[in-house]
Amino acid sequence: MIAAMRLLTFQHMPCVAHVLQRTITVCLADSGFTGTLARCRKIEGHFKHSPSNTEELHKEQTELEQDKEPLIQDVSTRWNSTLFMISRLLKNQEAVKATLAKQKHNLTMLTTAEWDRLQRLETLLKPCRYVTELLGGETYVSCSVVLPALRHLTRIMEVSDDDPAYVVRFKAAFKKDLSQRQDALNHGWLRVATALDPRFKDLKCLPRGERGGVWTSVEALLQKEPDRATPEPTEEPARKRSFLLFNSDSESEDEEGPNRALGRYRAEPTISETDCPLQWWSTHEGTHPQLSDLARKYLGSPATSVPCERLFSLAGNIVQKKRAALSSENVNRLVCLSNWLKEKQNK
C-alpha cells in the first residue's frame, strides 16, 4: 500500500498510533518490567481458565464492597491492553491476595516491590493511552494534534531524581525509540497542519529555530494556491471609478499578497484547546479566504488509520456470508445505526 501511494501524487501519512504503540511494546520488552508482567499474566490466567476460581474472586470482591469484574489479560496486538491488565489487577489487589491465600496453587506471588513497580508502570502508560485515543478520534481534527501530543509525551518521559533505575531505563528507551520512529513521519504536512490550527499556531511544540521555516512553507503554499473565482465586474462610470481610486489607501492595484494574508492570520489570538478549529475557520473564512482552503485540506487529514480500520471492522461484522445479499443502502444504514449506538453508549 505504501509503495502504491509513492507512485501517486498523494502524500503518505504514517499512522502515528501504530508508531506510538510499537514504541511501548519495545520499551516494555527492554525494561525491567518483563518478569513482573509475566507473573501478572499467570495470575490472570489462573482465574480466567477456572470458573470456580473466578467465582471465589467475585465473593472476595463482594466482601470488600467492590464491583464484580474479571481480571484482564493483555494481548500483544491489542493497544493499551497491558495498561488495562495492570489497572484491573491493582484495583483488585486485596481481593486477589485474599483469594489466592485460600487456594492451593503454584503461582509466584507479587512482592511489595513488584506491586509498587506496577503502580509506576501504570503512571507511565496512562498518558500513552490518552494520546493514542486522542489521535484515533474521527469526529474532530486530529492531524494538527500530533506534534503537540508527542511533545507532551517527551516531557512526561523526562527523568526525575525520584525515578528508580528501571523507570529511568524505560523513559530513556521510550524517548530514544520514539525519536527514531518519528523520522518516518510526514513532518512537513504535520507542521503546516499545526500552524493552520488556531489552537496551536504559536508552534510552541517546536524549537524556536524551526518555527520560521514552518511559516515560510505556509507562505509558499499560499503562492501556489489558486485564487478563488470572483464574479465578472460590471462596468462602472468613469467618474465613480476615479473617485474610488482617489480615496483608496493602497498604493498598488494588486490584491493582497500572501505575506499580508499570513500576517493577519498570525495576529489572530489563539483559541482554547477545547474549541473546534474547523468551526473557527468556518467563522473566519471571509477574513482569510486563501488560508481557509489550505486549512480545509490539511486539517481534514486523519492522524491515524484507526477510523478506517474501525469502519472496515464494523462493516465486516455486518456483511457476513449469511447476510451477503444486503444492498449497499441497507449496509450504509446499519453502519450509521451502529455508529450512533456506540456514540450514545459513550455518552
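Every chain's residues receive numbers from 1 upward, in the order its sequence appears when written. The model is predicted, so local features are restricted to residues of pLDDT at least 70 and side-chain atom pairs to those at 80 or more, both for listing and for counting; the totals for chains, interfaces and linings are taken over all residues. Note that the side-chain values use all heavy atoms of the structure and ignore hydrogens as well as water.

Within the secondary structure, T287 sits in the loop between α14 (277–283) and α15 (289–299). Taking the C-alpha atoms as reference points, T287 and Y265, 22 residues apart in sequence, are found 8.7 Å from one another. Not counting residues within four places of it along the chain, the set of residues in contact with T287 comprises R264 and E268. The way it works is that DSSP assigns letters per residue, a run of H or I at least four long becomes a helix, a run of E at least two long becomes a strand, and they are numbered from the N terminus. By the convention used here, residues are in contact when the closest approach between their heavy atoms is within 4.5 Å.

With that settled, consider the packing of helix α11 (residues 208–224) against α15. When two helices pack together, you describe them by how their axes are tilted relative to each other and by the distance separating the axes. Where α11 meets α15, the axes come as close as 10 Å, and the angle between the chain directions of the two elements is 110°. With respect to each other, α11 and α15 are oriented roughly perpendicular. Across the interface between the two elements, V218, L221 and L222 of α11 pack against Q290, L291, L294 and Y298 of α15. Asp, Glu, Lys and Arg are counted as charged, while Ala, Val, Leu, Ile, Met, Phe, Trp, Tyr, Cys and Pro are counted as nonpolar; the rest, among them Gly, fall into the polar class. Among the residues forming the contact of α11 with α15, the class breakdown is six nonpolar, one polar and no charged. Every angle, taken between N-to-C directions, lies between 0 and 180 degrees, and every axis is a line fitted to C-alpha atoms, over only the stretch in contact when it is a helix. Angle categories are assigned with fixed cut-offs, so that under 35 degrees is roughly parallel, over 145 is roughly antiparallel, 65 to 115 is roughly perpendicular, and the rest are oblique.

Below, the discussion takes up the pattern of salt bridges. Put simply, a salt bridge is a Lys or Arg side-chain nitrogen that is within 4 Å of an Asp or Glu carboxyl oxygen. Under the counting rule described, the total for this entry stands at 15 salt bridges. Put simply, K102 and E60 hold a salt bridge, and the shortest N to O gap is 2.5 Å. Of this pair, K102 sits in the loop between α6 (93–101) and α7 (112–135) while E60 sits in helix α4 (residues 51–63), placing them 42 residues apart in sequence. Exposure classes here rest on a 1.4 Å probe applied to the protein chains alone. A residue is buried below 20% of its type maximum, exposed above 50%, and partly exposed in between. Relative accessible area serves as the criterion here: at 8%, E60 is assigned to the buried category. Here the salt bridges do not stand alone but share partners, grouping E69, R88 and K91 into one network.

Stacked, tilted and edge-to-face are the three classes applied to pairs of Phe, Tyr and Trp rings, where Trp contributes its six-membered ring and a pair requires centres within 6.5 Å; stacked means planes under 30 degrees apart, edge-to-face means over 60, and tilted covers the rest. Counted by the stated rule, this structure contains eight aromatic pairs. Taking the centre distance of 6.3 Å and the plane angle of 25° together, the rings of F170 and F174 count as stacked. In this pair, F170 and F174 both sit in helix α9 (residues 165–182), four residues apart, roughly one turn of the helix. Note on accessibility: F170 and F174 belong to one class, buried. Between Y265 and W281 the ring centres are 5.2 Å apart and the planes differ by 25°, which places this aromatic pair in the stacked class. Here the residue Y265 occupies a position in helix α13 (residues 258–266), and W281 occupies one in helix α14, the gap between them amounting to 16 residues. Accessibility expressed as a relative area gives 5% for W281, which makes it buried.

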